[in-house]
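# Report on the structure
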Amino acid sequence: MLTAITGINWGDEGKGRMVDLLSQDYDIVVRYQGGNNAGHTVVNPRGKFVLNLLPSGILRPEVVCVMGGGMVIDLLHLEREMAALREKGVAVSPSNLKISDRATLCMPHHVLEDGLEEERLAKTGAQFGSTRRGIAYAYGDKYMKKTLRMGDLLHLDESVRQRLETILEWKNLTLAGVYGAKPFSLEEAWKGLEHFAGLLGGYICDTGDYLAAADDAGRRILFEAQLGALRDIDFGIYPFTSSSNVIGAYAPIGAGIPGRRLDKSIGIMKAYSSCVGEGPFAAELAMPEEEQDKLRAAGHEFGAATGRPRRVGPFDVVASRYGVACQGADELALTLLDVLDYMEHIPVVEKYLVDGKETARFPMGGALAAARPVVKTLPGWQCDISACRSWEELPGAAQEYVLYLEKAVGCRIAYISVGPDRDACIRR
């Protein structure tokens, strides 16, 4: 059984919270793309956890977690994240965490280059809103075949050292020659690799073989995406996207089992819209700044990885319908419905106005940047729903809101989150 949990919108939909909930029914949880440029926040009886690299299933001791070959891995960040979990009593060992030997290393020079270029772009207002974690540069170097992979840590021989020397010589031409930064030292970089080889060597393996054998044995595998469909490098709001394929169809590929097919795709979408970073975001135009501030405060909308205030707005039917189609979602989980408890009237972006004409189609490029929201208003419920644990307990207006969204995006809403706690979820 292969199931993907994916984001329908711009990311920050609450995927980690849903993976933590649903992983009780699975044996293995796999991250298949991205790096530490986004955070999955989970609240359970042990406390609050923000995971950037590790799959959210790591919080369940009976689950084996896999970091797939489609990821880019910052070794220092991974070391710190593992240590932080252990300090809270969460076990992390080769028995419950396996790291693909094909995953790409996100190295210190990637992080530095990311920050330097974002600062250069910011001088003219052309910045992308990067997290400055080096992700785009790690992926870029991957496709130029000028980086190392996790498997290289298992045999740090002269051939790997020569490759590292060639990479740093090339990279220093840009860092020192273009940005005036201090060049990276081969000896320091090599010592870093030796440190992480000793620390992580036992975790690194052929995760493709492991997952294929697990699937053949009938074990249940859950794929955890990072970010949302609108940040996908191919199908998102390019160039204001991530640098990887976040859509569910890529899950078996990024995990290491490209010949397998998903059995189920569960899309996660918020009861309103939020977005971190730059790029077109029509939903925020549908709500006055004062109302945005109220919504941001009610939803605690600050990035889990960056701490940056998120841009917010009403639920966007046009963008969400497109995201559902991209993810091939069989069913949906609607998160943070309780955040809307305070609203007397709830705005929803029902269509866009592009070139003077209303459209239900999600545009790209300049048309998306020029799009203006067409807003519909639905009645609010104005009561606390955080204690509701069944569909019948929800007030009528909340039920009508959920049913409207379900019909509008064309996919059944099977889960409704009404709070951050593990059990604050309604299954329909």
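Given the structure is predicted, the values throughout are model-derived calculations rather than measurements.

The secondary structure content of the protein chain amounts to twelve helices and 20 strands. For the protein chain, the C-alpha radius of gyration of 22 Å lies close to 22 Å, the compact-globule estimate for 428 residues. Seen through its C-alpha atoms, the protein chain measures out along the principal axes to roughly 70 × 55 × 40 Å. Looking at the protein chain as a whole, 57% of its 428 residues are labelled buried. For the protein chain, the share of sequence-separated contacts (at least 6 apart) that also reach a separation of at least 24 residues comes to 76%. Each charge sign in the protein chain was given a centre, from 48 positive and 56 negative side chains, and these centres are 1 Å apart.

Below, the discussion takes up the environment of Q127. If you trace the backbone, Q127 turns up in the loop between α3 (108-122) and α4 (135-143). Between the alpha carbons of Q127 and G279 there is a distance of 9.9 Å; along the sequence they are 152 residues apart. Beyond its immediate sequence surroundings of up to four residues, Q127 is in contact with E118, L121, A122, F240 and E278.

The element helix α10 (residues 317-327) is extensively covered by neighbouring structure, given that eight of its eleven residues are classed as buried. Every buried residue belonging to α10 is among V317, V318, A319, S320, G323, V324, C326 and Q327, and all of these are buried. At the N-terminal end of α10, a side-chain oxygen is found 3.0 Å from the backbone nitrogen of V318, two or three residues along, and the residue is D316. Looking one or two places after α10, you find G328, whose phi comes out positive at around 55°.

What follows deals with the pairing of strand β4 (residues 47-51). Two strands pair when backbone bridges link them, and strand β3 (residues 40-44) and β4 are joined in this way by five bridges, in the antiparallel orientation. Across the sheet, H40 pairs through a bridge with L51, a residue of β4. Between β3 and β4, which follow one another and run antiparallel, lie two residues.

Our focus in this paragraph is the layout of surface pockets. In this structure, the largest pocket encloses a volume near 880 Å³. If you go around the largest pocket, you meet 41 residues; those closest to its centre are S130, A136, T241, S242 and S243. Put simply, the parts of the chain that give the lining of the largest pocket at least two residues each are α3 and α4. No other element matches the seven residues that α4 contributes to the lining of the largest pocket. When grouped by side-chain class, the residues that make up the lining of the largest pocket number 18 nonpolar, 15 polar and eight charged. A volume near 670 Å³ is recorded for the second largest pocket. T41, G299, H300, L336 and P420 are the residues nearest the centre of the second largest pocket, which is lined by 29 residues in total. Per element, the largest residue contribution to the lining of the second largest pocket is four residues, and it comes from β3. The residue makeup of the lining of the second largest pocket, split by class, is nine nonpolar, eleven polar and nine charged.

With that settled, consider the packing of aromatic side chains. Per the counting criterion, the structure on display carries six aromatic pairs. Measuring from centroid to centroid gives 6.3 Å for Y32 and Y250, while their planes differ by 55°, and the two rings are tilted. Linking Y32 in the loop between β2 (28-31) and β3 with Y250 in the loop between β10 (221-228) and α8 (251-255), this pair joins segments that are 218 residues apart in sequence. Classification of Y32 by relative accessible area gives buried; the value is 0%. By relative accessible area, Y250 is classed as buried at 18%. Members of the aromatic cluster, connected to one another through ring pairs, are Y32, F223 and Y250. In this structure, R161 packs its charged tip against the face of W190, placed 5.4 Å from the ring centre.

So, on to the environment of S386. By the secondary structure assignment, S386 is in the loop between β18 (372-379) and α12 (396-409). Taking C-alpha positions, S386 is 6.1 Å from D338, a pair spaced 48 residues apart along the chain.

So, how was this worked out
- Residues numbered from 1 in each chain as written.
- Predicted model: local features only at pLDDT ≥ 70, side-chain atom pairs only at ≥ 80, totals over all residues.
- Heavy atoms only, no water.
- Helix = DSSP H or I, 4+ residues; strand = E, 2+ residues; numbered from the N terminus.
- Rg over C-alpha atoms; globule rule 2.2 N^0.38 Å.
- Buried < 20%, exposed > 50% of the residue type's maximum accessible area, 1.4 Å probe, protein only.
- Contact = heavy atoms within 4.5 Å.
- Lys, Arg positive; Asp, Glu negative; His and termini not counted.
- Charge placed at Lys NZ, Arg CZ, Asp CG, Glu CD.
- Polar contact = N/O pair within 3.5 Å; in protein donor to acceptor, adjacent residues only side chain to side chain.
- Pairing = 2+ DSSP bridges.
- 1 Å grid on protein atoms, 1.4 Å probe; cavity = no way out; pocket = protein on both sides within 12 Å on 5 of 7 lines; lining within 4 Å.
- Points joined across faces, edges and corners; volume = space filled by probe spheres on them.
- Nonpolar A, V, L, I, M, F, W, Y, C, P; charged D, E, K, R; others polar.
- Phe/Tyr/Trp six-rings, centres within 6.5 Å; stacked < 30°, edge-to-face > 60°.
- Lys NZ or Arg CZ within 6 Å of the ring centre and 35° of its normal.

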